[in-house]
Amino acid sequence: MPDANLVDGYGDDAAALAGISAVLPARYQLGERLGAGAAGETFAAVDQSTGEACVVKIFAPDDGARRLALSELRGLETLAHPNLARLRDLGRCEDGRLFLVTDRIVGPGLDSVAAIADPVRRRAVFEGVALELASALAHLHARGIVHGDVCPANLRLSSVDGSLRAVLIDFGLAGPPAATGSGARGTLGYAAPEALTGARTPAVDLFGLGATLFEAWSGTSPFGRGLPAVQQMLEGRSPALSSIRPGLDGGWDRLLDRLLATDAAERPGSAREVLREIRRLSAGAATPTEVDLAIPYPEGDPLAGIVVGRRTERAALRTVLDKLSDGMAPVSTLALVGGAGSGRRTLFEAGAREVAMGAAAGTTAAIEIWRGDLEALERSVGLGALSSGDDAQRAIEVRMAALAEAIEGRARERPLCLFLEEGPGSHLFAAFLAGAPPTGRVLVVVPS
């Protein structure tokens, strides 16, 4: 028989709780709702097969920002690290929604570190938290998983044998690295600038680590919270940690400055590198720097890119994107010219990230950014296969016109920027659009 306190903890939404419970496996008895957002809802629960407390996250059925697949989450089952909440179960509810079950970690939040009055103890606890979080991220990244939302709200300090242990929780945005996505990810104030364009990369986690550690020591976030934080990021770098609260060596200022760089290329190369540096800062230069993570950390970042000598082009691209956000793009097509590996995609992503940051801060209007090849674009607007006919050239022109009309209709709601993968079809469509006056609300960008 369900515990009445668990049902009552849901308040006036007991009927909704019963509906959710009905589609979950019967072993999970839901209790109070711990949180809710666009991605879904999180509940305290009891695993009736073991009697242990746990947390159940039920994802929204149409979470556009995630579009979760079970295959994305399967890697979480391999995690076994003392500073990561253990994944107990995952699957689909009877109504098709995904659910994920983790251990419930009970303990104080990150604000308890900054509140420690004794400076010696405060520093010891802070350094312990820093080491443990960096170790947890190194473990995640070595297994091809990015957390995606490293922030104080997703950290608990669990008491183990009288000492505190930092535990990273909530894997609702976790998954394999992705250079782009369909929506912003993370928590404003702690999310890296590129996460606002949907990126989920190790560098995103490192930015969140820097922001979290900054708050752990100072009691305040480096850029503020919510939309004002995005504006602050646009205006420049975070303040030095020591200027907010002294007591740490200058090396911490330098490390956090690198972690909080708005350009991902300026951040440390890996969580393992950060872990080594934190060990040096915590125990002196004589501390061994090698860290055994059980499996080799992947060398390099396949998603990273370097833009060299493109300052003028970047400014030009940003100008066009800004005008597009106002519905006044002066051109309908742009070609990013250069050889393979010259940074054309990285140049575009840098401009897209800046526009997304401006939209989040409220300084510019939002635009939709779509990426893919021509065939994927045709499928996204519902165009069927090209039919054969006597006049192949005429058929292609009709198809190009139909595609142009479809994307113009899509852009009526919000200006649309399309980044088309390089190829004959993409170039053909870009040339077709360039032959007509720009409408101001559609921009096609093609590498060439």
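Quantities reported herein were computed from a predicted structural model and do not represent experimental measurements.

## Notes on the confidence of the model for the protein
On average, residues of the protein carry a pLDDT of 80, and 82% of them reach 70 or more. In the predicted structure, residues 1–12 sits below a pLDDT of 50 and forms 18 contacts with residues beyond four places in sequence or in another chain. Scored below 50 in pLDDT, residues 285–309 shows 40 contacts in the model against residues more than four places distant or in partner chains.

## Points about the pairing of strand β11 (residues 442–447)
Burial analysis of β11 places six of its six residues in the buried class, which makes it a mostly covered element. Because side chains alternate across β11, one face comprises the buried residues Val442, Val444 and Val446, and the other comprises Leu443, Val445 and Pro447, equally buried. Here strand β10 (residues 416–420) pairs with β11 via four bridges, running parallel. Residue Cys417 lies in a different strand from β11, and its bridge partner there is Leu443. Running through helix α15 (residues 424–434), the crossover from β10 to the neighbouring parallel element β11 is right-handed.

## Here's the deal with helix α14 (residues 392–410)
The first and last C-alpha atoms of α14 sit 27 Å apart over 19 residues, in line with the 27 Å expected at 1.5 Å per residue. By the burial criterion, the buried members of α14 are Arg399, Met400, Leu403, Ala404 and Ile407. Taken around the axis of α14, the buried residues stretch over an arc of 140°, which confines them to a single face. On its buried face, α14 sits against α13 (374–380), β10, α15 and β11.

## So, the sheet that holds strand β1 (residues 28–37)
The strand order across the open sheet built from five strands is β1-β2-β3-β5-β4, with neighbouring strands paired in antiparallel fashion. The sheet is open, and its two borders are formed by β1 and β4 (87–92), each paired with just one other strand. Each strand axis lies, on average, 20° off the axis of its neighbour in the sheet, ignoring direction. In this structure, β4 lies alongside strand β5 (residues 98–103), joined through five bridges in antiparallel fashion. Counterpart to Asp89 in the pairing with β5 is Val101.

Criteria and thresholds
Residues numbered from 1 in each chain as written. Predicted model: local features only at pLDDT ≥ 70, side-chain atom pairs only at ≥ 80, totals over all residues. Heavy atoms only, no water. pLDDT = per-residue confidence, 0-100. Contact = heavy atoms within 4.5 Å. Buried < 20%, exposed > 50% of the residue type's maximum accessible area, 1.4 Å probe, protein only. Helix = DSSP H or I, 4+ residues; strand = E, 2+ residues; numbered from the N terminus. Pairing = 2+ DSSP bridges. Right-handed = clockwise from strand over helix to strand, strands pointing away. Expected span 1.5 Å × (residues − 1). Arc of directions from axis to C-beta. Axes fitted to C-alpha atoms, helices over the stretch in contact; angles between N-to-C directions.

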